[in-house]
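Coordinate analysis (summary)
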Amino acid sequence: SPTPVSEILASGRISAGGNNTCSTVEPGQVRCWGPTPAGPIQALPAAVILAGATQVSEGGSHRCTAANDGTVRCWGANGFGQVGDGSTTQRNSPVAVPGAS
């Protein structure tokens, strides 16, 4: 059954994908929970501080945010280039997506 997540009561936007969930809490802060890109499960929302982040989107094993200045940052599994940084290297922290706006 659903479990309340009290850490995100002031949530702006929420996105779920695969086994992960993220929510914007306020501009510049995203909280995510579920399996992390590095493997362990994050049972409670963990803060990811990204300047101006206003939107978040989940993939099966990667996450992306958009900021109010038009920048996009992604992190997670990247075996097929889904993070968008031109590599296939797993990204455990957010990286800028060149040319995205």
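See the structure printed just above.
Below is a short write-up of the structure. Values in this document were obtained by computation on a predicted structure and should not be read as measured data.

Here we come to the state of the cysteines. Enumeration according to the criterion identifies one disulfide in this entry. Covalent S-S linkage joins Cys64 and Cys74, the inter-sulfur distance amounting to 2.1 Å. Linking Cys64 and Cys74, the disulfide has an S-S dihedral of approximately 110° and is accordingly described as right-handed. Here the residue Cys64 occupies a position in strand β6 (residues 62-67), and Cys74 occupies one in strand β7 (residues 72-76), the gap between them amounting to ten residues.

Moving on: the nonpolar core. Grouped together as the largest cluster of nonpolar side chains are eight residues: Cys22, Val30, Cys32, Val48, Leu50, Ala53, Val56 and Trp75. Residue assignment for this core shows that the elements contributing at least two residues are β3 (29-35) and β5 (53-58). By size, the runner-up hydrophobic cluster in this structure holds six residues, among which are Cys64, Val72, Cys74 and Val83.

So, on to the pairing of β7. Sheet faces and side chains relate simply in a regular strand, where the side chains alternate between the two faces. Taking burial as the measure, the five residues of β7 include four buried ones, the bulk of the element. Pairing of β6 with β7 involves five bridges; the strand directions are antiparallel. Paired with His62 across the bridge in β7 is Gly76. With antiparallel pairing between neighbouring strands as the criterion, β6 and β7 make up a hairpin whose turn holds four residues, including Gly70 at a positive phi of roughly 95°. Across three bridges, the pairing between β7 and strand β8 (residues 91-96) is antiparallel. Residue pairing across strands places Arg73 opposite Ala96, the latter belonging to β8.

Cut-offs applied
Residues numbered from 1 in each chain as written. Predicted model: local features only at pLDDT ≥ 70, side-chain atom pairs only at ≥ 80, totals over all residues. Heavy atoms only, no water. Disulfide = S-S within 2.5 Å. Helix = DSSP H or I, 4+ residues; strand = E, 2+ residues; numbered from the N terminus. Core = buried A, V, L, I, M, F, W, Y, C linked by side-chain atoms within 4.5 Å. Buried < 20%, exposed > 50% of the residue type's maximum accessible area, 1.4 Å probe, protein only. Pairing = 2+ DSSP bridges.

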